[in-house]
Amino acid sequence: MSLKWRFGVSLILSLPMVLEMVLHPLIHWMLPGGNWTMLGLTTIIMIISARPFAQSAWAAFKKHHANMDTLVAVGTTTAYVYSIYAMLTHQAVFFESAALVTTFVLLGQVLEERMRSRASTALEKLMDLQAQTATVQRADQWVELPLNEVQVGDLIQVKPGAKIAVDGKVLTGESTVDEAMVTGESMPALKKPGDQVIGATINTTGTLTFQAQKVGDQTMLAQIVELVRKAQNSHAPIQKLTDQVSNFFVPIVLIIAIITYLIWYLGLNASNAQALIFAVSVVVIACPCALGLATPTALMVGTGLGAKLGILIKNGEVLEAANDLQTVVFDKTGTITQGQPTVTDIVGDTVQVLQIAASLEKLSEHPLAQAILQAAQQQHLSLAAVTNFQTHTGQGVTADLAGSATFVGNHRLAANYSISDQLQQQAQVLEAAAKTVIFVGQEQQVIGLIAIQDQPKSEAAAAISALKKQGLQTVMLTGDNQVVAQAIAHQVGIDQVIAGVLPTTKAQQVQHLQQQGKVAFVGDGINDAPALSAADVGIAMGSGTDIAIEAGGIVLTKNDLWGVPQALALSRKTFQRIKLNLFWAFIYNILGIPIAAGVFAGFGWTLSPELAGLAMAFSSLSVVTSSVLLGRTKLEKLT
Amino acid sequence: MTKIIVFCLGLVLIGLIIWWFLLPHATTTATAQVQDQQQVVDVQVAGGYDPETVVLRQGIPAVLNFRRSDPSSCLDHVVFPDFGINQALPQNQVVPIKIDTQTAGEYSWACGMDMFHGKLIIQAAQEE
């Protein structure tokens, strides 16, 4: 019989007894049939609604275990059996206690079951994102296939408004794709041939054809689901306490109940019935479930909420470590900065300088050339053809453009030409700001400068200031020289810079910082994996490679620095909720048991078994509710 | 006189509770039988887990068949934190749970409320 049925039966049959409890003092109304009616109603409740408690308690008893069912069964059976005895010997009965305790405990369990399923919905929502079918090319025909028949290498067509089925690479077409559901990134992404698409995201404007690269449990969504599933069921170290308590909690409560009875009956000369009521209250009010539910439900809601925001927290251990961090260490390139150099300043005639530079650099393979070409493209400049192109290794390039000799290069190349004092000064200013300066010239004269820098991400400064507000020390690790590194750090407000770090020694630097307190490391590259593992909390960012995701304790699916303060705030919030739940669960038992035992009877504070049952039902319910409310936390409030 | 008897009964009851619940008792252990490159263990769920300790061999696919006969909502889920498994156990149904036996070691499982525990030991092949 389902929980709801048991509750329903118990509730309806208890109502007449409640009615008598309320009306008797007012108008002296008695149930027709008196005690016999009470016995009948309660017996049905005991058989239908309360028997499963006894069954479970007995099964557990045989295995030397005792749990909540033991307490409910012992409490209700004691009240019921004693009342029969009292009825036969013409003393006061308390059938209604057995009936109401059963009703309240079942009410608690019905509500709690609903809350628990609500706490675990995040994962199902993630899995529901999966597309059901895909339009796949088979023998030159586009056919609609169920997802599990799609194989790596298949060509897949996606119409506007349809879901992209699996991870792959765009071959033809152009469109914007809404990736918010997987990456948390709210801006739609533009997809052209060569770009990666992610399964379960929604194609919006154009038709795309892409080649499947990852299918089944290899797709990004499948991996996220797996990660969240593991996180939601992981153990937080703080749980060890409840693990230990749970083993002896119930037997201890039973012993306290016996002692309560002995003291009231023998020591304080209470009547047998009174002493028994105190003992039953003790058994009924104790709630080991609240202790057991405190951590897992909060963990489940917290990690589920994170997944929705593109923050994947791997397990409870990470969550707990994030709670007392001292320092956040960032890798510079690709984490603080965009990871690719861009043109920041152009000195001289912008169009002329950029056109000469771009025309020459078109033929160069230098990494900085890419930045110049991009800048030219943004200004819609048409590039001129050059002749007599020459590369001067370590200096720059020279060529003839529209009949005149031109050059683009660094200060070593520029030294061969004449330069005005004004340009020379400006070059120094730009270099002091940690920018790479390119000299552009025509005929023997330098005519302009282009400054290039790997710029900080637009949100970097704000995100770092949010971290500082959380009381964290910020550190940047980089292989660059001190001057360049300082300039970037200054721009974004980083506290401390460790420059000239070899990629292989990042982990050592993290360990060094760990001597002063717990350290989080934020990085994205393959070479960051050792540092991500070494840190107390490794945060793998964005486009991050599989290895970085494997090594990180927190994975941010979005390449956005806001994820760092959000992830840490969410971890802290979840851990605080776990502590609050545990505190409440412990305090409830620590205060509730003595009150039920009648320790404060002198002040008039006593609890009848019915009230104890109600309190017990709501203590575990309140813990689960508190966890579910964690899911209502607003994104903006996290930082 | 009655009071003395009640007192003694109370003490005996307390003693019995301590002996029965709090002192160590032998738990049941089952070692999986390997058949056709698959190892299967049936686990009864009633007032705890029977067997409470399951020994598996490393590297051979394993299935634990859980069957819950206990109506308690305490036992309605089984959780393997190390494997990311959180499986509902409908009453009186056999629920097979696949275990990844790649890594040897000791793992624990628990009910949804972390009150009942079981242990999973994956033994390295060379120990045999």
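Look up a bit, the structure's there.
This text gives an overview of the structure that appears in the document. Since this is a predicted model, take the numbers as computed values, not measurements.

**Comments concerning the overall build of chain B**
So, point 1. The helix and strand inventory of chain B stands at one helix and eleven strands.
So, point 2. Ordered by position from N to C terminus, the α and β elements of chain B give α-β-β-β-β-β-β-β-β-β-β-β.
So, point 3. Taken against the 2.2 N^0.38 rule, which gives 14 Å for 128 residues, the C-alpha radius of gyration of chain B at 19 Å runs more than 25% over that of a compact globule.
So, point 4. Expressed along its principal axes, the backbone C-alpha trace of chain B runs to roughly 70 × 35 × 25 Å.
So, point 5. Expressed as a percentage of the 128 residues in chain B, the buried residues total 32%.
So, point 6. Partitioning the contacts of chain B with sequence separation of at least 6, the portion at a separation of at least 24 is 49%.

**Observations concerning the sheet that holds strand β7 (residues 196–197) of chain A**
Residues and elements named next belong to chain A.
So, point 1. One open sheet holds the six strands; their spatial order is β2-β1-β3-β9-β4-β7, and the pairing between them is antiparallel. Pairing within the sheet leaves two strands with one partner each, and these edge strands are β2 (141–146) and β7.
So, point 2. As paired elements, strand β4 (residues 167–172) and strand β9 (residues 208–214) share five bridges and run antiparallel to each other. When the bridges of β9 are listed, G168 appears paired with A212.

**Concerning the sheet that holds strand β6 (residues 189–191) of chain A**
Residue and element names in this part refer to chain A.
So, point 1. Strand order in the open sheet made by the three strands is β6-β5-β8, with antiparallel pairing throughout. Only two strands of the sheet have a single neighbouring strand rather than two, namely β6 and β8 (202–203).
So, point 2. As defined by bridge partners, strand β5 (residues 175–178) adjoins β8 across two bridges and the pair is classed as antiparallel. Note on β8: the bridge partner recorded for D178 is I202.

**A closer look at the interface of chain B and chain A**
So, point 1. With 28 residues of chain B in contact, the opposing surface of chain A contributes 42 residues.
So, point 2. Elements that contribute at least two residues to the side of chain B that touches chain A include exactly α1 (2–22) and β8 (85–88) of chain B.
So, point 3. For the side of chain B that touches chain A, the element with the highest residue contribution is α1 of chain B, accounting for ten residues.
So, point 4. Of the residues belonging to the side of chain B that touches chain A, the class tally is 17 nonpolar, eight polar and three charged.

**A look at the packing of helix α9 (residues 272–285) of chain A against helix α22 (residues 563–597) of chain A**
Residues and elements named next belong to chain A.
So, point 1. For the pair α9 and α22, the least separation of the axes is 7 Å and the interaxial angle reads 165°. One way to sum up the angle between α9 and α22 is to call them roughly antiparallel. In this structure, α9 crosses over α22, and the sense of that crossing is right-handed. Only G592, I593, A596 and A597 of α22 make contact with α9, whose side of the interface consists of F278, S281, V282 and I285.
So, point 2. Residue classes in the contact of α9 with α22 are distributed as six nonpolar, two polar and no charged.

**Things to note about the pairing of strand β5 (residues 53–57) of chain B**
Residues and elements named next belong to chain B.
So, point 1. Along β5, the buried face is formed by V54 and L56; none of T53, V55 and R57, which line the opposite face, is buried.
So, point 2. Looking at chain direction, β5 and strand β11 (residues 117–123) are connected through five bridges and run parallel. Following the sheet pairing, T53 is matched in β11 by K119.

Definitions and cut-offs
Residues numbered from 1 in each chain as written. Chains lettered and ligands numbered in written order. Predicted model: local features only at pLDDT ≥ 70, side-chain atom pairs only at ≥ 80, totals over all residues. Helix = DSSP H or I, 4+ residues; strand = E, 2+ residues; numbered from the N terminus. Rg over C-alpha atoms; globule rule 2.2 N^0.38 Å. Buried ≥ 20, exposed ≤ 12 C-beta atoms within 10 Å, placed from the backbone. Contact = placed C-beta atoms within 7 Å. Pairing = 2+ DSSP bridges. Nonpolar A, V, L, I, M, F, W, Y, C, P; charged D, E, K, R; others polar. Axes fitted to C-alpha atoms, helices over the stretch in contact; angles between N-to-C directions. Parallel < 35°, antiparallel > 145°, perpendicular 65-115°, else oblique. Left-handed = near helix turned anticlockwise from the far one by under 90°.

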